[in-house]
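One-letter residues, chain by chain:
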Amino acid sequence: MAKEVNTIGVLTSGGDAPGMNAAIRAVVRKSIANGKKVKGIMKGYQGLLNEEIFDMSPRDVSDTIQRGGTILRTARCEEFKTPEGQKKGAEVCKKYGIDGLVVIGGDGSYKGAQALSANGINTIGLPGTIDLDIACTDYTIGFDTAVNTAMQAIDKVRDTSSSHERCSIIEVMGRNAGYIALWCGVANGAEDILLPEKYEFNEQDIINNIINNRKKGKTHHIIINAEGIGHSTSMARRIEAATGVETRATILGYMQRGGSPTCTDRFHASMMGAYAADLLCQGKSNRVVGWKDGTYKDFDIDEALAMQKNIPEYQYEVSRLLSI
């Protein structure tokens, strides 16, 4: 029999992502519209253990949808990775009357949600990560904003790279996933795209590509390097020594996580937040919301964490073809 939920908590965990505030706003307003109370939890699982919990009203999320980051803040929490920390988290929820919880974050956050569900707290996960690396969903909150931020920055680097006739290595985020690098590589017309899923650590191929392009009259060369490969600065030194072409590394870093979210991120995050609230009101637990095949769906967290996600082969082949 489905467990009735009366008070819904919401927290953001792990790395922040543009659009998280839109998701929080939707959870709060849809839950209250469904007749439930809502409590905000500051600083993720760490804030839960520290009991940084407060009542939320529709007014608390006014004028937040356009803001980057997360109004609930976020933090890493090693204690919550332990069974003792997870049990304590569930006890804190019960102490504050939270019988349903929405967790907005990546796959690490889902593991925490999974543990809370096992300890008697109905829990729903939302895919909040710029990395697009959650297998059960075709979209993650923050990816669209991050990839557009990176694209615009790379366009600017290309301008100066062309002016100085340089090779530029531009490192983008994504942890061990290459989706930001792939999308930017195609959208920015990069000559080389280095993806953790595909890279064979053969710099000679890159060197040969630069030399051949120079012979054809190309005066600059853009390499998009994924965070999962990294070492862009040392790579730049080696490439310059091997080619004689001035080479510079630019690491875009955390700017990709910030900024006002795009319309796409605001819309999907709002729909996912509302969907999560509805699932809790239906008594569901241990679920994660995704955008799959053009519709919003929910999946068992255990199954979602077991899924594998890889760079689509056709997209990779086209990215190589277009870089010629």
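Residues numbered from 1 in each chain as written. Predicted model: local features only at pLDDT ≥ 70, side-chain atom pairs only at ≥ 80, totals over all residues. Heavy atoms only, no water.

Next up on the list: the packing of aromatic side chains. For the structure on display, the rule yields four aromatic pairs. On the basis of an interplanar angle of 55° and a centroid distance of 4.6 Å, the ring pair of Trp291 and Tyr296 is categorised as tilted. Trp291 sits in the partly exposed class, given a relative accessible area of 22%. Taking NZ or CZ as reference, Lys309 lies 5.1 Å from the ring centre of Tyr179, over its face. (Phe/Tyr/Trp six-rings, centres within 6.5 Å; stacked < 30°, edge-to-face > 60°. Buried < 20%, exposed > 50% of the residue type's maximum accessible area, 1.4 Å probe, protein only. Lys NZ or Arg CZ within 6 Å of the ring centre and 35° of its normal.)

Helix length check: helix H5 (residues 143-164) (22 residues) gives 31 Å between terminal C-alpha atoms against 32 Å at 1.5 Å per residue, within 8%. If you follow the buried residues of H5, they end up packed against strand S6 (167-172), helix H6 (179-187), strand S8 (221-226), strand S9 (247-251) and helix H9 (263-281). Just downstream of H5, Glu165 is the residue with a positive phi angle, here 55°. (Helix = DSSP H or I, 4+ residues; strand = E, 2+ residues; numbered from the N terminus. Expected span 1.5 Å × (residues − 1). Contact = heavy atoms within 4.5 Å.)

Going through the model one piece at a time under the given rule, you end up with 18 salt bridges. Linking Arg257 and Asp16 is a salt bridge whose minimum nitrogen-to-oxygen distance equals 3.7 Å. Pair noted here: Arg257 is in the loop between S9 and H9 and Asp16 is in the loop between strand S1 (7-12) and helix H1 (20-33), with a separation of 241 residues, a long-range link. When its relative accessible area of 22% is taken as the criterion, Asp16 is described as partly exposed. For the salt bridge of Arg175 with Asp107, the shortest nitrogen-to-oxygen distance reads 3.4 Å. (Salt bridge = Lys/Arg side-chain N within 4 Å of Asp/Glu carboxyl O.)

In short, shape yes, function no, at least from these values alone.
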